[in-house]
Amino acid sequence: MNLRALLNALAGKQDSKDIAKERLRLVLVHDRASVSPEFMEQIKEEIIKVISKYMEIDTANTVINLHKSEGTAVLEANLAIKAIRRPG
Amino acid sequence: MGAVIVITSGKGGVGKTTTTANLGVGLAMLGEKVVLIDADIGLRNLDVVMGLENRIVYDLVDVVEGNCRPKQALIRDKRYDTLFLLPAAQTRDKNAVTPEQMKKLCAELKEEYDFVLVDCPAGIEQGFRNAIAGADRALIVTTPEVSAVRDADRIIGLLEAADLGDPKLIINRLRPDMVKRGDMMDIEDILEILAIDLIGVIPDDEKIIISTNRGEPVVANDNGSLSGQAYRNIVRRVRGENVPFLQLYKNSSIFSRLKKIMGLSG
């Protein structure tokens, strides 16, 4: 952090370049995820694969999506569980 | 055998054509044999930036359609006799050329020239596909603005998908005064977001407009302009040399300021 950023933080202000960077970061999360549907499908498959080690998943009722919430991007996964495996 | 380098950006108006012209002249100044291809069919501009607009006889579409041999369409530069321009057609559209035709043409030209620089049109459609088809390497031009950086990100993805990985970034029109005020994203901000290698930063400079008015790229002017120096540095990096980056602004952290105040810094 430099002096200007520190003074801004104390005054509760934000440099316009930081606003630009934050907005860009968010918009790129969305851009990159939505450019290729296969990308999200791949994430979904891998999440199911990992979780399946512990639980039996109803893959037909599993939904994964990306959305913005209060200034951050959120990956939301709703997995329907059929059964849970007995811990060893 | 030479290298085919495409200069692209996604967004229009960020300086692709100016960059292509300056890199071409800069490479020719060092004795390289260079061809510049204007791939922006229907909106040709590289000819006026190079000051060669009155010498056009044949164009890119004539070459790919076989109306003339590539050699006949190449226009020799006014000052550098190892530099040539293959102009775009002005009266046709982007569909007049196919990626396969571009690939063949680029392969042919790099047999004889050290560098083939392709000035890519804005956008991500057919014109972009054509321009990248024959390329071995890609340079991405952006400006420190959200719209340009966003489009650059999209282009990086498309280049990767087309097996043109490891593109290098040129940040154009940087304004050190605005960076210092915190009103413009700095080099580190942009590199952090795009996560690709930097090959050069061009400061915003009115000398670029003045030299474009004359049709003489700024890189050749020995007028002490920072933008000309920045372009000459990129040229050397394109040839594989390791050249330190110009320091356009100082990164003043609290720590370094304190050191200065206490008289510790040299």
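Our structure is the block above this text.
Parameters at a glance
Residues numbered from 1 in each chain as written. Chains lettered and ligands numbered in written order. Predicted model: local features only at pLDDT ≥ 70, side-chain atom pairs only at ≥ 80, totals over all residues. Heavy atoms only, no water. Pairing = 2+ DSSP bridges. Helix = DSSP H or I, 4+ residues; strand = E, 2+ residues; numbered from the N terminus. Contact = heavy atoms within 4.5 Å. Axes fitted to C-alpha atoms, helices over the stretch in contact; angles between N-to-C directions. Buried < 20%, exposed > 50% of the residue type's maximum accessible area, 1.4 Å probe, protein only. Polar contact = N/O pair within 3.5 Å; in protein donor to acceptor, adjacent residues only side chain to side chain. 1 Å grid on protein atoms, 1.4 Å probe; cavity = no way out; pocket = protein on both sides within 12 Å on 5 of 7 lines; lining within 4 Å. Points joined across faces, edges and corners; volume = space filled by probe spheres on them.

Peer 1: Give me the lowdown on the sheet that holds strand 6 (residues 137–142) of chain B, citing residues and values where you can.
Peer 2: All names here are of chain B. Strand order in the open sheet formed by eight strands is 3-4-2-5-1-6-7-8, and the pairing between neighbours is mixed. The outermost strands of the open sheet, each flanked by one partner alone, are strand 3 (75–76) and strand 8 (197–203). Across four bridges, strand 1 (residues 3–8) lies against strand 6 in parallel orientation. Its bridge partner being in strand 6, Ile5 is matched across the sheet by Arg137. Taken strand by strand, helix 1 (residues 16–29) contacts strand 1, strand 2 (34–38), strand 4 (83–86), strand 5 (115–119), strand 6 and strand 7 (168–174), and its axis lies near 165 degrees from that of strand 5. Sheet contacts for helix 5 (residues 99–112): strand 1, strand 2, strand 4 and strand 5; angle to strand 2, the most-contacted strand, approximately 165 degrees.

Peer 1: Which residues make up the side chain of Ser9 of chain B, and what values go with them?
Peer 2: All names here are of chain B. When you line up the elements, Ser9 lands in the loop between strand 1 and helix 1. Accessibility expressed as a relative area gives 0% for Ser9, which makes it buried. Within the structure, Ser9 has its side chain in polar contact with the side chain of Lys16 (distance 2.9 Å). The residues contacting Ser9, other than those within four sequence positions of it, are Val14, Lys16, Ile140, Val141, Asp151, Ala152 and Ile155.

Peer 1: Any chance you could break down the environment of Lys49 of chain A for me, citing the residues and the numbers?
Peer 2: Residues and elements named next belong to chain A. In this structure, Lys49 sits in helix 3 (residues 37–51). For Lys49, a relative accessible area of 62% gives the class exposed. Taking the C-alpha atoms as reference, Lys49 lies 13 Å from Ala77; in sequence the two are 28 residues apart.

Peer 1: Please set out helix 10 (residues 206–214) of chain B residue by residue, giving values where relevant.
Peer 2: If you check the start of helix 10 of chain B, you find a side-chain oxygen 2.9 Å away from the backbone N of Lys207 of chain B, and it comes from Asp205 of chain B. Downstream of helix 10 of chain B by a residue or two, Gly215 of chain B has a phi angle that is positive, lying close to 75 degrees.

Peer 1: Requested: an account of empty space enclosed by the protein, with residues and values cited.
Peer 2: All names here are of chain B. A full pass over the atoms with the stated rule returns two cavities of 30 Å³ or more. Looking at the largest cavity, its volume works out to about 60 Å³. Every residue along the wall of the largest cavity is listed here: Val201, Ala230, Asn233, Arg237, Phe245, Leu246 and Leu248. If you tally residues by element for the lining of the largest cavity, the top one is helix 11 (residues 226–238), at three residues. Empty space within the second largest cavity amounts to approximately 30 Å³.

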